[in-house]
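# Observations on the model geometry
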Amino acid sequence: MEQTSKPDTVEVWRWLSEVPDPEIPVISVTDLGIVRQVTWEDDTLVVTVTPTYSGCPATGVINLDIENALRSHGIDRIRIERQLSPAWTSDWINADAREKLRAYGIAPPIDGTAADGRLLGRVARLSGRSNMTVACPRCGSTNTEKISQFGSTPCKASYRCKDCLEPFDYFKCI
Amino acid sequence: MATAVDQSAFFDWLQRIGDNALVLGHRVSEWCGHSPVLEEDIALANQALDLIGQCQLWLGLAGEVEGKGRSADDLAYLRDAADFRNVLLVERPNGDFGQTLMRQFLFDAFHINLLRALKTSTDKRVVDIAAKAEKEVAYHLERSADLVIRLGDGTAESHRRMEKALKALWAYTGEMFHDDAVDVAMAEAGIAPLPSSLRTAWEATVKAVLSEATLPCPETVWQHGITGAGGGKKGVHSEHLGFILAEMQFLQRAYPGAVW
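The structure displayed is predicted, hence computed values, not measured ones. (Residues numbered from 1 in each chain as written. Chains lettered and ligands numbered in written order. Predicted model: local features only at pLDDT ≥ 70, side-chain atom pairs only at ≥ 80, totals over all residues.)

All right, on to the overall build of chain A then. Looking only at helices and strands, chain A features 5 helices and 7 strands. Written out in order from the N terminus, the α and β elements of chain A read α-α-β-β-α-β-α-β-α-β-β-β. Sorting the 174 residues of chain A into buried and exposed places 34% on the buried side. Within chain A, counting contacts between residues at least 6 apart in sequence, those at least 24 apart form 54% of the total. (Helix = DSSP H or I, 4+ residues; strand = E, 2+ residues; numbered from the N terminus. Buried ≥ 20, exposed ≤ 12 C-beta atoms within 10 Å, placed from the backbone. Contact = placed C-beta atoms within 7 Å.)

Now the structure itself:
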């Protein structure tokens, strides 16, 4: 089908805001902050996407979902570019999305608590005596404990609530 | 003032950093479905993913620098053992869970400092990959250090195993910090730090964690891969790498060009 007009990029951003993340479908790819730029280069729409984690297996699916969504809105010529810098940070997850995460059962990231690998001052924390409180997304209790820094997807850690006894995911800071 | 970059040395160096991530990523992935508990299985698989993702970035850049049209996949699946440039430490067998974690910790403590130093590389592409990888590796180091402490300062059995792992792996740590002609060329071009310059920070981290883990830091011992003709950075590997490649490369060797 021949394309007759180029939709405004504001409109394109709106369409992208309806593309769910394949692993956490309650938030969109724009909520996550991984769509960095949308521009027209002549007749080609260029969407710049940054990966959350280098090896996130969802990256390929995300690119495909973006492409399919744009095609369904009549855009034929699409190029998806990968951009590494600046590296993605969980700080880019917007406020609405954090609420959606909580409602879905995933504790949203607590900004400024990313691991920095500077161990010497962190030995107490490393030994399991965490100084960070993650509230249970189900019952709101802060009586929780970390099970593992790694969870069901690269972007999450595993926690457990000691009051309602439910395990839950925490969207960790990076 | 940075001197002109020797592209063949740069290619070699990129394979070193990429192959470290690839081979360790593969080793760690061997645990998938076999870990002592589910949470550790998930953690190991996620770290393997991070490392293989980083390897794709490094080997992708290596192919670009080489300029012969080879992709990251071509380099990962179609080179033979003598063309791999990873250090011997990362190809050491997994052993038990303690040995896997000790190997991870000894490498993570080196890896984080290397990536941190690469953030001031004169090559923007190196800076971008390092900045991304550093954030992931910070979590790897937290986890491996945490578990080395918990297992070292754990039961008599876990302590014994961690001490055994440390002794077995210690002779493979020196290669990470040994400077050769490729390293000197990279340092002179401002692309990468001299490996020897990373040793002090590594020792500080390792000593602090081992002390917390109640594990005695080994004495100076003879190191593999530095003297003589051997050494992973030169492409002279232990017998273990061939078995890794046999598994990792089988599909592309048997069915060239196969895709999902």
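On to the overall build of chain B, then. Across its full length, chain B holds 10 helices and 0 strands. Secondary structure elements in chain B, listed N-terminal to C-terminal, are α-α-α-α-α-α-α-α-α-α. Its C-alpha atoms give chain B principal-axis dimensions of about 55 × 45 × 35 Å. When each of the 260 residues of chain B is scored for burial, the buried share is 51%. Within chain B, counting contacts between residues at least 6 apart in sequence, those at least 24 apart form 74% of the total.

On to helix H1 (residues 7-29) of chain B, then. Between its first and last C-alpha, H1(B) extends 32 Å over 23 residues, near the 33 Å set by a 1.5 Å rise per residue. Counted residue by residue, H1(B) has 19 buried out of 23 residues, so it is predominantly covered. (Expected span 1.5 Å × (residues − 1).)

Taken residue by residue, the interface counts 26 residues in chain A and 32 residues in chain B. For the side of chain A that touches chain B, the elements supplying multiple residues, two or more each, are helix H5 (123-126) and strand S5 (144-148) of chain A. Residues of the side of chain A that touches chain B, tallied by class, amount to 15 nonpolar, 10 polar and 1 charged. (Nonpolar A, V, L, I, M, F, W, Y, C, P; charged D, E, K, R; others polar.)

Two numbers describe a pair of packed helices, the interaxial angle and the distance between the axes. Residue and element names in this part refer to chain B. Between helix H2 (residues 38-66) and helix H6 (residues 124-152), whose axes approach to 11 Å, the crossing angle comes to 165°. Judged on the interaxial angle alone, H6 and H2 are roughly antiparallel. Our pair here, H2 against H6, has a crossing hand that is left-handed. Facing Ala43, Gln47, Asp50, Gln54, Leu57, Trp58 and Leu61 of H2, the residues of H6 in contact are Arg125, Ile129, Ala133, Glu136, His140 and Arg143. (Axes fitted to C-alpha atoms, helices over the stretch in contact; angles between N-to-C directions. Parallel < 35°, antiparallel > 145°, perpendicular 65-115°, else oblique. Left-handed = near helix turned anticlockwise from the far one by under 90°.)

Residue and element names in this part refer to chain A. Overall, mixed pairing links the 3 strands, which are arranged S1-S2-S3 in an open sheet. Strands with a single pairing partner mark the edges of an open sheet, and in this sheet they are strand S1 (35-41) and strand S3 (78-82). Within this sheet the neighbouring strands show an average axis-to-axis angle of 20°, counted without direction. Across 6 bridges, S1 lies against strand S2 (residues 44-49) in antiparallel orientation. (Pairing = 2+ DSSP bridges.)

The next subject is the confidence of the model for chain A. The predicted coordinates ought not to be read in detail in places where the model reports low pLDDT. Of the residues in chain A, 89% have a pLDDT of 70 or more, and the chain-wide mean is 88. Across chain A, element-level confidence peaks in S2(A) with a mean pLDDT of 97 and bottoms out in H5(A) with 48. (pLDDT = per-residue confidence, 0-100.)

Take the pairing of strand S7 (residues 167-171) of chain A next. Residue and element names in this part refer to chain A. By the criterion of burial, S7 is predominantly enclosed, with 4 of the 5 residues buried. Note: strand S4 (residues 106-107) against S7, 2 bridges, orientation parallel. Bridge pairing links Ile106 to Asp169 in S7. One ladder, built from 5 bridges, connects strand S6 (residues 156-161) with S7; its direction is antiparallel. Its bridge partner being in S7, Ser158 is matched across the sheet by Asp169. The turn joining S6 and S7, which pair antiparallel and follow one another in sequence, is formed by 5 residues; a positive phi near 70° is taken by Leu165.

So, about the nonpolar core. Core analysis: the largest hydrophobic core is formed by 110 residues, its most contacted members being B:Leu14, B:Trp58 and B:Val148. Examining the composition of this core, we find that 14 residues originate from one element, H2(B), more than from any other. Shared between two domains, this core holds at least three residues of each, these being domain 1 (9-82) and domain 2 (93-171) of chain A. Once residues within four sequence positions are removed from consideration, B:Val148 is found in contact with B:Leu101, B:Met102, B:Phe105, B:Met162, B:Val209 and B:Ala213. (Core = buried A, V, L, I, M, F, W, Y, C linked by C-beta atoms within 7 Å. Domains from an automatic or database assignment.)

Here the focus is the domain arrangement of chain A. Residues and elements named next belong to chain A. Per the domain assignment, the segments of chain A are domain 1 (9-82) and domain 2 (93-171). Inter-centroid distance (C-alpha atoms) of domain 1 to domain 2 is 28 Å. Tallying the contact residues gives 11 residues for domain 1 and 11 residues for domain 2.

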